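# Structural overview for review
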Amino acid sequence: MKTRLLCLASVFSAVLCSGAHATEGGVSQYPNGAEDFMTGAAPPPGFYLINYAGIYTANRVNDSHGHKLPADVSITAYAEVPRFIWISPHTVFGANWGMHAVIPLVDLDAKVGNWSENQLGLGDIAASPLVLTWHWPNAHLVAALDAIMPTGSYDKSRPANIGTNYWAVEPALAATYLSPEGWEVSAKLMYTVNATNNATDYTSGQAFHTDYTLGKHWGDLAVGIGGYYYQQTTDDMQDGSVVGDGNRGMALAVGPQAKYDFGGKYSVIGKWQHEVMSENRAQGDKFWLKAVVPF
């Protein structure tokens, strides 16, 4: 009988697993919770940098029922994630066409029982040559098709990796409604389809996930609550068989957030996201500081 490996989490493109070699259960290459205010409102034509600086900490891992496993776990991940965006003046289907690339840099410390691991380096890069943006008086919409590339360091003999060693495709749709009174509702909806990790013959299940925000704007200041929901929709597979009971990951996070615009050009966002529940994943907290800079 094969021993089922317990895969801890994917944090800012990091994969942590205990056992003889690394597999990928519960993995999300996308850093859930990255987006917040006005996520469906892409900027006007031009070149932009959005920089995401984040910390994730966790000291528990949950089973498929959301119960804490009896393991001594400590996870800390620091991430510096620049996202480069170019919005062109050209239109397609009435939308401005653009491109973007997300380049995560990760410093990961993980301890489980008697082993510990530190990894520092480039994570898995996500990019899209097709970003479409629409604008109306009170509503905004962005559609994109991202490819996530296995650029991060990976070795199946290591207990921790910051790369996943497989490709993924992720269509995304982001929408924002901002009322004349300054009330905002925003969400970014994504669906991830993963390829197989050829080093382990492991295929992580497909997943739906969303970042969400409910907020209020007063001039240059906005405050609200936000977070993310992640739900794996198909089973993990290895060597042609379902892994355990499917090893489907789930997480729900919520927390406060605030945004300030400087002169209508630069923005800074700070937020805390507490994972209130999770299954087949770590459960912890994320702290973000995000900056939007035009060029």
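Throughout this document, residue positions are counted from 1 along each chain, in the order its sequence is written. Where local features are concerned, this predicted model is filtered to residues with pLDDT of at least 70; where side-chain atom pairs are given and counted, the filter is 80 or more; whole-chain, interface and lining totals use all residues. Values shown for side chains rest on all heavy atoms present in the structure; no hydrogens or waters enter the calculation.

### Quick word on the confidence of the model for the protein chain
To keep it simple, the criterion reads: By definition, pLDDT measures how confident the predictor is in each residue, and it falls between 0 and 100. Residue contacts are counted whenever heavy atoms from the two residues lie within 4.5 Å of one another.
When the pLDDT values of the protein chain are averaged, the result is 90; 91% of them are 70 or greater. Counting interchain partners and residues more than four positions distant, the pLDDT-below-50 stretch residues 1-23 has 87 contacts.

### Focus: the nonpolar core
Applicable threshold: In this text, buried Ala, Val, Leu, Ile, Met, Phe, Trp, Tyr and Cys residues form a nonpolar core when linked through side-chain atoms within 4.5 Å. Remark: exposure states derive from per-residue accessible area (1.4 Å probe, protein chains only) relative to the maximum for the residue type, with buried under 20%, exposed over 50%, and partly exposed in between. A run of H or I in DSSP becomes a helix once it reaches four residues, and a run of E becomes a strand once it reaches two; helices and strands are each numbered from the N terminus.
Ranked by size, the top nonpolar core spans 26 residues in total, and within it Ala34, Phe37, Ile50, Tyr52, Val81, Ile85 and Val142 carry the most contacts. Listed by contribution, the elements that provide at least two residues to this core are strand E3 (46-61), strand E4 (73-92), strand E8 (126-135), strand E9 (139-148), strand E11 (168-178) and strand E20 (282-294). In terms of residue count, E4 provides more of this core than any other element does, four residues in total. The residues touching Ile85, leaving out its near neighbours within four places in the chain, are Gly46, Phe47, Tyr48, Ile50, Met99 and His100. Counting residues in hydrophobic clusters, the runner-up holds twelve residues, among them Tyr56, Ala77, Val112 and Ala160.

### Looking at the environment of Ala144
In this structure, Ala144 sits in strand E9. Linking Ala144 and Leu105, residues 39 residues apart in sequence, is a C-alpha distance of 23 Å. Beyond its immediate chain neighbours, meaning those up to four positions away, Ala144 contacts Ser128, Leu130, Val131, Glu170, Pro171 and Ala172.

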